[in-house]
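So you can see what is in the structure, the chains are spelled out below.
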2 protein chains.
Amino acid sequence: MNGSGARGAVTMHDVAAAAGVSVKTVSNVVNDYPHIRPATREKVQRAIDELGYRMNLSARNLRQGRTGIIGLALPELSLPYFAELADSVIRAAEDRGLVVLIEQTSADRQHELDVLTSERRQLTDGLIFSPLELGPDDADALKVPYPIVVLGERIFGGDWDHVTMNNVDGARAATQHLIDRGRRRIAVIGAHAGEAMGSAALRVLGYQTALAANGIPFDPDLVIEGGLWHRATGADCVERMIAGGVEFDAIFGLNDALALGAMHTLHAHRIDVPGSVAVVGFDDIEDAAYASPTLTSISPGREQIAATAIDVLMARIAGGTDPFRRVIADFSLKERESTAS
Amino acid sequence: MNGSGARGAVTMHDVAAAAGVSVKTVSNVVNDYPHIRPATREKVQRAIDELGYRMNLSARNLRQGRTGIIGLALPELSLPYFAELADSVIRAAEDRGLVVLIEQTSADRQHELDVLTSERRQLTDGLIFSPLELGPDDADALKVPYPIVVLGERIFGGDWDHVTMNNVDGARAATQHLIDRGRRRIAVIGAHAGEAMGSAALRVLGYQTALAANGIPFDPDLVIEGGLWHRATGADCVERMIAGGVEFDAIFGLNDALALGAMHTLHAHRIDVPGSVAVVGFDDIEDAAYASPTLTSISPGREQIAATAIDVLMARIAGGTDPFRRVIADFSLKERESTAS
DNA sequence: GCTATGATTTACAACGATAGAAACGCCGTC
DNA sequence: GACGGCGTTTCTATCGTTGTAAATCATAGC
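Please read all numbers here as calculations on a predicted model, not as lab measurements.

## Re the overall build of chain A
Within chain A, the secondary structure is distributed over 11 helices and 12 strands. Here the C-alpha atoms of chain A give a radius of gyration of 26 Å, more than 25% beyond the 20 Å that 2.2 N^0.38 yields for 341 residues. Judged by the C-alpha coordinates and their principal axes, chain A covers about 85 × 40 × 30 Å. Within chain A, the fraction of its 341 residues that count as buried is 50%. Partitioning the intrachain contacts of chain A with sequence separation of at least 6 by distance along the chain shows that 70% fall at a separation of at least 24.

## Some remarks on the sheet that holds strand β8 (residues 250-253) of chain B
Residues and elements named next belong to chain B. As summarised here, the arrangement of the 6 strands in space is β7-β6-β8-β9-β10-β12, forming an open sheet in which the pairing is mixed. Only two strands of the sheet have a single neighbouring strand rather than two, namely β7 (223-225) and β12 (332-334). Between one strand and the next, the sheet's axes are offset by a mean angle of 20°, whatever the strand orientation. Of the pairings in the sheet, the one linking strand β9 (residues 278-282) to strand β10 (residues 296-299) comprises 3 bridges and is parallel in character. Bridge pairing in β10 links Phe 282 to Ile 298. Packed on one face of the sheet, helix α10 (residues 256-268) meets β6 (186-191), β8, β9 and β10 and runs near 155° to β9.

## Brief notes about helix α1 (residues 12-19) of chain B
Residue and element names in this part refer to chain B. Considered for burial, the residues of α1 that qualify are Met 12, Val 15 and Ala 19. Buried residues along α1 cover an arc of 60° about the axis, so they all sit on one side. Summarising the contacts, the buried residues of α1 are in contact with α2 (23-30) and α3 (38-51). Positive backbone phi, approximately 70°, marks Gly 20, located one or two places after α1.

## Concerning the protein's contact with DNA strand D
Every one of the 26 residues lining DNA strand D counts as a neighbour, but A:Met12, A:Ser27, A:Asn56, B:Lys24 and B:Thr40 are closest to it. Elements that contribute at least two residues to the surface near DNA strand D include exactly α2 (23-30) and α4 (57-64) of chain A together with α2 and α4 (57-64) of chain B. For the surface near DNA strand D, the element with the highest residue contribution is α4(A), accounting for 5 residues. Within the surface near DNA strand D, the residues separate by chemical class into 9 nonpolar, 11 polar and 6 charged.

## With respect to the protein's contact with DNA strand C
In the vicinity of DNA strand C lie 26 residues, with A:Thr40, B:Met12, B:Ser27, B:Asn56 and B:Ala59 positioned nearest. Elements supplying a minimum of two residues to the surface near DNA strand C: α2 and α4 of chain A together with α2 and α4 of chain B. With 5 residues, the top contributor of residues to the surface near DNA strand C is α4(B).

## What to know about the domain arrangement of chain A
Residue and element names in this part refer to chain A. Domain boundaries in chain A define domain 1 (12-55), domain 2 (69-165 + 302-330) and domain 3 (167-299). On a C-alpha basis, the centres of domain 2 and domain 3 stand 28 Å from each other. Domain 2 puts 13 residues into the contact, and the matching count from domain 3 is 14 residues. For the side of domain 2 that touches domain 3, the per-class residue count stands at 8 nonpolar, 2 polar and 3 charged.

## A word on helix α9 (residues 231-243) of chain A
All names here are of chain A. Helix length check: α9 (13 residues) gives 18 Å between terminal C-alpha atoms against 18 Å at 1.5 Å per residue, within 8%. Where α9 is buried, its residues contact β6 (186-191), β7 (223-225), β8 (250-253) and α10 (256-268). Phi turns positive one or two residues past the end of α9, at Gly 245, with a value near 75°.

## Structural notes on the interface of chain B and chain A
It is common to give the size of an interface as the accessible area lost on bringing the parts into contact. The partner chain A presents 42 residues to the 42 residues of chain B that form the contact. Put simply, the parts of the chain that give the side of chain B that touches chain A at least two residues each are α4, α5 (80-95), β2 (99-104), α9 (231-243) and α10 of chain B. Ranked by the residues each element gives to the side of chain B that touches chain A, the list is headed by α5(B), at 6 residues. Of the residues that constitute the side of chain B that touches chain A, the class distribution is 19 nonpolar, 13 polar and 10 charged.

## Some thoughts on the pairing of strand β10 (residues 296-299) of chain A
As defined by bridge partners, β10(A) adjoins strand β12 (residues 332-334) of chain A across 3 bridges and the pair is classed as antiparallel. Bridging from a neighbouring strand, A:Ser299 pairs with A:Ser332 of β12(A).

## Here we look at the packing of α9(B) against α10(B)
All names here are of chain B. For the pair α9 and α10, interaxial distance at closest approach is 6 Å and the crossing angle is 50°. Considering the angle they form, α9 stands oblique to α10. Both α9 and α10 take part in a crossing whose hand is right-handed. Contacts from Arg 231, Ala 232, Thr 233, Gly 234, Ala 235, Cys 237, Val 238 and Glu 239 in α9 reach Ala 257, Leu 258, Ala 259, Leu 260, Gly 261, Ala 262, His 264, Thr 265 and Leu 266 in α10. Here the contact of α9 with α10 is built from residues that sort into 10 nonpolar, 5 polar and 2 charged.

Reading the values: rules and limits
- Residues numbered from 1 in each chain as written.
- Chains lettered and ligands numbered in written order.
- Predicted model: local features only at pLDDT ≥ 70, side-chain atom pairs only at ≥ 80, totals over all residues.
- Helix = DSSP H or I, 4+ residues; strand = E, 2+ residues; numbered from the N terminus.
- Rg over C-alpha atoms; globule rule 2.2 N^0.38 Å.
- Buried ≥ 20, exposed ≤ 12 C-beta atoms within 10 Å, placed from the backbone.
- Contact = placed C-beta atoms within 7 Å.
- Pairing = 2+ DSSP bridges.
- Axes fitted to C-alpha atoms, helices over the stretch in contact; angles between N-to-C directions.
- Arc of directions from axis to C-beta.
- Near = placed C-beta within 6 Å.
- Nonpolar A, V, L, I, M, F, W, Y, C, P; charged D, E, K, R; others polar.
- Domains from an automatic or database assignment.
- Expected span 1.5 Å × (residues − 1).
- Parallel < 35°, antiparallel > 145°, perpendicular 65-115°, else oblique.
- Left-handed = near helix turned anticlockwise from the far one by under 90°.

Written out as structure tokens, the structure is:
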């Protein structure tokens with residue numbers, strides 16, 4: 001009853017012949033053109049059902065110059081934050097009738113540049129791009145001839161739309177939360193030296209802002225460098241702190257993976273969390289709620305970011321010429337065991 | 001120098017005109033047709049570079065009936081195992097010049113059926129399908145008119161290719177490992193009652209096989225039902241066991257998320273792992289190596305599954321008519337703290 | 001009964017690429 | 001110097017759909 005024979009064998013011509021109308025009428029029915037006599041519409045619809053007709057999207061795409069596919073470029077899906085982001089983006093896209101092509105950049109600078117000019121851009125109507133390595137100097141590379149929405153705050157002020165989480169205020173809230181619990185020696189792990197505009201720099205800025213607001217002196221020894229924000233990195237940062245004899249009573253992991261890695265090392269050293277050291281993360285990935293102890297974290301409004309990014313991108317694809325937007329999502333603090341008093 | 005003007009404005013006609021040759025010659029150059037005079041090839045190539053020509057894939061797809069896109073249908077990316085699987089599939093696809101369109105089924109039966117007949121199948125050359133809810137009764141739904149590779153063992157023996165992990169032997173090895181550590185009251189969490197061929201049933205079978213091989217009686221009270229394999233489910237399973245007064249000295253989580261959720265509950269109840277209760281999981285997701293304590297798990301050969309699935313699918317897309325294959329990936333036991341003696 | 005008027009439907013030409021076959025050179029050969 | 005043969009290039013049709021404009025039909029007004 002459905003799909004017999006070779007794939008895509010049934011075309012509009014076949015339907016038109018079966019229904020005794022022209023191809024264009026079939027097209028009109030399929031595209032909900034308003035001026036069609038009900039009898040005609042029904043006749044065509046019946047033919048479509050009987051033949052099991054499916055539109056050839058390649059043909060439509062060729063004709064319309066659209067594919068209905070949007071690209072999503074991110075570092076890698078095995079990083080939980082990005083997996084969850086991709087989940088949200090795919091759902092938001094589906095609600096709007098779009099599908100998502102994911103490209104992983106492996107957090108590699110050249111790979112991030114390549115994605116912008118890849119052959120695949122030809123296959124997508126637009127791109128949602130979450131760079132990790134590109135910086136302000138690469139602004140020119142982002143001047144691309146197709147709709148693009150950039151996630152994150154690495155590159156400001158260019159001629160493109162921007163959707164981002166509130167890194168500074170979120171980090172400040174996380175730090176303030178630790179201060180409110182009586183912590184004073186708050187280490188921050190995963191910092192990126194020499195970075196001006198990345199998430200790392202912005203979150204460290206929020207951290208410093210909170211310290212200053214509470215009259216707590218800033219101690220550079222408490223800022224631990226760490227490249228890729230994997231659990232292993234977080235574990236290593238704490239290892240180094242302990243080996244270096246740094247005193248601390250709290251840790252702010254610049255993301256949850258770092259914080260979870262940190263808790264792993266603390267556990268290995270039999271350091272009680274939150275008794276001796278309180279820990280807070282950033283991103284509120286699903287793991288945070290199921291770690292032992294559960295991890296307090298900043299929830300960055302992932303769904304809002306995904307939905308907004310898609311909406312902004314769709315508006316651009318539709319030809320919108322509004323001024324470029326910069327949207328900052330709302331965040332919230334999820335308080336859990338790792339910072340219990 | 002590149003991509004000035006409207007998107008995709010440069011066509012083969014433009015290149016042909018600029019190079020002073022016919023369109024077909026440009027096509028021949030682009031497609032590496034052998035009989036082209038070097039001078040011509042160079043002339044065309046220069047025109048391509050100068051104009052920044054990119055092939056219109058929709059047009060090629062229409063003509064060739066291929067898209068170079070493969071679909072990957074899975075429950076959801078926020079489940080770490082599937083995020084990591086998607087990562088592996090995307091990498092394997094990229095190595096072979098393909099891109100991947102991910103569709104989430106939310107572990108919903110109707111959604112899984114819909115994916116098989118979706119309009120989107122029109123956009124993909126083939127599908128890698130990882131069902132969670134479909135069962136043997138749905139075999140007919142899998143008789144689709146396009147290349148498909150099914151992951152997992154829910155539906156055997158149909159006329160399609162199959163790539164799967166070794167659920168039975170993996171589960172047996174996990175259980176044997178616990179038995180070797182002296183455990184006798186081994187609970188298994190996340191079972192699915194009434195399921196014949198799913199991962200749950202197969203892993204439970206492996207569990208029972210190991211018990212039998214060691215002369216340990218099977219106690220149904222130690223088999224805990226649990227629907228979706230999220231951390232929350234694992235936490236809940238253990239909660240119910242404790243509330244029900246079930247005695248146990250080890251837990252086999254049917255996947256890592258369940259096991260991690262279980263460790264969460266054990267921690268909340270101040271039950272020592274592995275001192276009082278040893279825990280082993282299945283899937284070897286990245287979290288397993290960073291939990292506290294680190295989680296022993298079965299590594300199911302994810303990369304091998306991804307690469308094999310793509311290879312088998314590509315062979316089908318290319319028109320291969322070999323008998324349908326059933327590939328079972330190799331597994332290995334990753335021993336970590338949660339089962340230390 | 002005939003013409004506006006608007007609703008329906010159709011014919012035709014694209015969209016940008018590739019397949020197949022025909023056409024064009026150029027070479028050596030008889 | 002005409003003729004094959006082969007490497008190279010061009011011509012033409014076509015993939016399945018939609019935009020445009022024109023054709024057809026129906027209804028109402030006079």
